[in-house]
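One-letter residues, chain by chain:
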2 protein chains.
Amino acid sequence: MIKNSTPNEITTQVVQYLKEAKRNELQLLLDELHPYDIANLYEMLPDKHRNRFLSFLSIAQLADILQELDKEQQQNLLNKLDAKKAVHVMDEMDNDDLANLLEDISPENKINFLAKMKKEESQVVQDLMNYPPETAGRLMTNRYVWIPQHYTVKDVMVKLREYAEIAESINYLYVINEEKKLTGVLSYRDLILSEPNQQVKNIMYERVISVTVDTDQEHAAQIIQRYDFLAVPVVNHDHVLVGILTVDDMIDVLMKEATEDIEKLSASGKDIDFDTKAPVAAYRRLPWLILLLFIGLISGTIVSTFEETLEKVVALAFFMPMIAGMTGNTGTQSLAVVVRGLTTRDINKVVIAKIIFRELLVGIIIGVTCGILISVIAYIWQGSPILGLVVGSTLVVTLIIGTLAGTIIPLILHHFKIDPAVASGPLITTLNDILSLMIYFGIATIFISHLM
Amino acid sequence: MIKNSTPNEITTQVVQYLKEAKRNELQLLLDELHPYDIANLYEMLPDKHRNRFLSFLSIAQLADILQELDKEQQQNLLNKLDAKKAVHVMDEMDNDDLANLLEDISPENKINFLAKMKKEESQVVQDLMNYPPETAGRLMTNRYVWIPQHYTVKDVMVKLREYAEIAESINYLYVINEEKKLTGVLSYRDLILSEPNQQVKNIMYERVISVTVDTDQEHAAQIIQRYDFLAVPVVNHDHVLVGILTVDDMIDVLMKEATEDIEKLSASGKDIDFDTKAPVAAYRRLPWLILLLFIGLISGTIVSTFEETLEKVVALAFFMPMIAGMTGNTGTQSLAVVVRGLTTRDINKVVIAKIIFRELLVGIIIGVTCGILISVIAYIWQGSPILGLVVGSTLVVTLIIGTLAGTIIPLILHHFKIDPAVASGPLITTLNDILSLMIYFGIATIFISHLM
């Protein structure tokens with residue numbers, strides 16, 4: 001019945017059920033919805049209906065929608081539940097999502113919640129939280145199926161049936177030996193294509209690709225992306241299987257890293273989205289802008305040292321914005337290519353040498369092309385062939401330098417394990433500003449007698 | 001044996017086998033590798049060994065590695081195969097990958113290949129290629145399992161065993177009625193938890209989320225991301241099931257779109273990566289730079305109209321780079337927030353009004369803060385309180401305008417269905433350059449008598 005309803009129609013229907021306290025009807029409707037849809041529904045509900053709505057949900061449903069909400073909404077929802085129910089919901093949550101949720105709760109509350117949870121659940125979550133953020137260990141789940149290698153296909157089928165309900169991913173079955181070390185993997189497909197009394201040991205695939213607990217989340221996500229996996233196993237330093245990473249969590253990692261690259265390249269400050277309050281957004285953006293303000297003043301100081309040249313030929317000021325802008329742009333272009341390349345492929349010396357040489361060539365080509373173009377334009381506009389020559393040769397030099405700066409600076413940062421995206425667009429733009437003005441006024445000062 | 005070997009060791013071993021023509025040993029080794037690894041191995045092999053290597057591979061292996069290579073390498077590999085073998089390989093490839101490969105082949109070759117392929121395979125591929133690029137129809141695969149709704153769980157198990165080998169994804173089983181319309185979905189998990197003689201109709205989940213053949217690829221990828229799906233079904237306009245999209249392809253879409261956003265925001269030109277040749281990269285970057293050169297000249301023209309003001313107070317030029325730079329930066333910051341927000345969430349009028357108002361507030365806060373700061377600095381540096389006032393009030397106005405421009409321009413483009421990322425960083429920077437110089441010299445000209 002609700003198969004083709006819009007979210008608005010569903011919300012209206014839910015409000016109706018809530019007003020009439022029709023608990024069973026509501027449950028029937030919710031059974032047809034995905035957790036993501038229920039979470040959306042919750043967000044669309046007017047605040048006055050939310051308490052009753054939550055009281056009508058099962059513990060499992062509460063856990064499901066809690067996992068779909070953002071952090072602010074999660075805290076909000078938890079505050080609406082009484083402490084006992086909240087603890088039940090936490091027991092039910094996937095441990096990786098719970099670890100993530102608890103991260104932002106006040107220390108007293110966190111201890112309080114963990115103490116009241118089931119002992120085994122709270123132990124698992126505390127173990128996860130001991131791994132550094134953004135590592136495989138921190139993001140892994142323990143809801144997967146592992147099988148001893150001496151099992152037969154039939155044994156596996158029995159175990160699977162038992163665990164299917166709680167496992168987050170049953171696409172791959174990880175095989176372990178007596179010491180719990182990871183020795184192989186079986187896909188679901190292999191299983192249905194095998195005879196019931198075959199031994200797992202003989203049909204499993206032995207070259208399992210795994211990550212260790214301290215593997216960086218981005219690297220783990222790249223492995224899933226490259227191999228088209230649905231999950232990847234996580235082992236500790238003794239190669240003992242301790243968890244798995246699932247593709248859905250890894251997509252979120254990849255998207256988050258891409259957004260971070262964009263934020264850093266545009267120096268827009270961390271974690272600003274449509275829901276961030278204005279003072280918070282301003283506070284996060286201001287440090288960058290104030291830094292850039294001072295760097296901008298350095299450009300000004302450079303211009304001021306050439307005050308004499310500028311006083312004699314004010315027309316030099318007309319080309320300042322164009323030269324600074326173009327040099328900054330070409331640097332940003334190179335930067336974007338390098339930053340994206342660094343995140344999507346493996347880097348070695350040969351690759352680095354090739355990319356620097358490539359960008360040098362690119363710089364020469366675009367420098368000479370734009371330089372000739374602007375010489376002609378400047379000559380026609382201001383009627384001075386020397387001015388044309390000064391502006392044109394400046395652009396040749398600054399575009400080559402700008403391109404190289406945009407290439408080499410992020411590579412150097414990468415070498416020193418600093419995220420190259422922090423060599424953000426505006427920073428390279430401003431650095432190139434300073435360089436280009438020095439070169440421009442330097443060349444102009446040499447030719448000053450011919451310019452007047 | 002090769003379980004713990006490095007890629008280099010494996011390559012050395014493979015070269016050895018190739019030299020000694022040990023075909024069987026090579027096959028045993030390859031059996032332990034993933035397609036991605038075999039493709040990497042192929043790329044690492046010296047060119048002189050590649051022909052023999054390819055001749056040792058099975059058709060299925062050739063198809064597998066072809067799917068992992070980039071377009072240039074694909075063409076290269078196909079050229080090494082004789083035409084008959086190439087056609088066999090194409091028959092074996094996933095049809096979505098094949099459609100992608102054929103896109104870049106010369107029209108004669110394409111017709112030639114398609115004519116020689118198995119009729120049903122070539123028909124499927126041609127159907128796919130009729131859908132516009134970047135739509136669900138273009139990217140879907142037909143290697144999935146569908147089941148009639150009158151089947152029992154036992155029937156499904158039999159069919160599954162038959163199709164497991166060719167299906168790309170068996171995580172979800174899509175249920176259709178007599179008219180082949182999509183009516184439900186069953187997860188693998190549901191299946192193992194059900195009794196053998198239950199009817200599919202009674203255990204399936206009816207509110208299936210699907211996309212249509214003309215759904216934009218990015219939207220389809222977002223659905224997979226939001227719902228944590230492993231695949232999503234594709235239907236035509238009669239709601240007949242025609243294919244599925246798998247999560248691995250959708251990750252690639254999401255990553256490509258993120259890279260495109262970065263490319264556009266930095267105006268770095270399309271499709272430039274580490275392997276692009278210098279003249280090609282320069283050719284792709286030049287149009288943007290030449291456009292920006294002319295926009296930069298407009299800034300120059302504005303400065304030139306205020307030549308008289310500038311001649312009287314040359315010190316005004318010292319603050320030009322800072323004012324233009326800061327205004328450009330604040331615009332880029334807003335732009336990044338808006339572009340990223342537009343791709344990751346649903347937009348309506350309330351959201352738009354909220355974000356514009358938020359950014360206005362942000363602009364006022366950062367404008368006033370930076371304005372006061374620079375007034376003091378300009379006063380101390382140049383010893384003129386009026387100059388401080390001119391520079392400071394300019395910055396207040398331009399930062400507010402810059403912030404709003406960076407917010408409103410991408411929203412307007414989005415409204416007219418133009419990709420907001422083309423309102424790229426450098427373009428907004430340059431527009432803000434022009435505005436800020438006009439405001440700066442405008443204010444300065446009003447106060448000119450006090451400045452001298």
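Chain A carries the name Magnesium transporter MgtE in an unreviewed UniProt entry, which gives Ornithinibacillus hominis as its organism. Taken directly from UniProt, the Sequence similarities (unreviewed entry) text for chain A runs: "Belongs to the SLC41A transporter family." Looking at the Function (unreviewed entry) heading of the UniProt record, one finds this comment for chain A: "Acts as a magnesium transporter."

**Q** Any chance you could explain the UniProt feature "transmembrane region" (unreviewed entry) in chain A here in plain terms?
**A** All names here are of chain A. Per the UniProt record, the feature "transmembrane region" (unreviewed entry) sits at residues 286-306, 318-339, 360-381, 387-413 and 434-451. In the segment residues 286-306, helix accounts for 95% and strand for 0%; the C-alpha atoms at its two ends are 31 Å apart. As a span, residues 318-339 carries 91% helix and 0% strand, and end to end its C-alpha atoms are 33 Å apart.

**Q** Would you mind going over the interface of chain B and chain A with me for this structure?
**A** Size of an interface: often given as the accessible area lost when the parts come together. Tallying the contact residues gives 119 residues for chain B and 119 residues for chain A. In total, about 10,700 Å² of surface goes out of reach between chain B and chain A, with carbon and sulfur atoms giving 67% of it. Sorting the residues of chain B by area buried against chain A places Arg207, Phe274 and Arg285 of chain B first, and these three jointly supply 9% of that buried surface. Seen at the junction of chain B and chain A, the total is 2 salt bridges. Across the pair Glu359 of chain B and Arg285 of chain A runs a salt bridge, and its minimum N-O distance is 2.9 Å. The interface formed by chain B and chain A includes 18 residue pairs in polar contact (both at pLDDT 80 or more). Among the elements that take part in the side of chain B that touches chain A, helix H17 (residues 278-305) of chain B stands out by supplying 19 residues, more than any other. When grouped by side-chain class, the residues that make up the side of chain B that touches chain A number 67 nonpolar, 23 polar and 29 charged.

**Q** How should I be thinking about the relation of the copies chain B and chain A in this particular structure?
**A** Each of the two chain copies goes to the other by way of a rotation about an axis and a shift along it. The two copies are related by a screw operation: chain B maps onto chain A through 180° of rotation and 0.0 Å of translation along the axis, at an RMSD of 0.2 Å. On the angle and the small slide along the axis, the relation comes out as a two-fold axis. Looking at the interface residues of chain B, 100% of them are also at the interface in chain A, so both copies use one shared face.

How each quantity is defined
Residues numbered from 1 in each chain as written. Chains lettered and ligands numbered in written order. Predicted model: local features only at pLDDT ≥ 70, side-chain atom pairs only at ≥ 80, totals over all residues. Heavy atoms only, no water. UniProt positions renumbered as here; feature names shortened; annotations may be inferred. Helix = DSSP H or I, 4+ residues; strand = E, 2+ residues; numbered from the N terminus. Contact = heavy atoms within 4.5 Å. Buried area = accessible area lost by both parts, 1.4 Å probe. Salt bridge = Lys/Arg side-chain N within 4 Å of Asp/Glu carboxyl O. Polar contact = N/O pair within 3.5 Å; in protein donor to acceptor, adjacent residues only side chain to side chain. Nonpolar A, V, L, I, M, F, W, Y, C, P; charged D, E, K, R; others polar. Least-squares fit on C-alpha atoms with pLDDT ≥ 70 in both.

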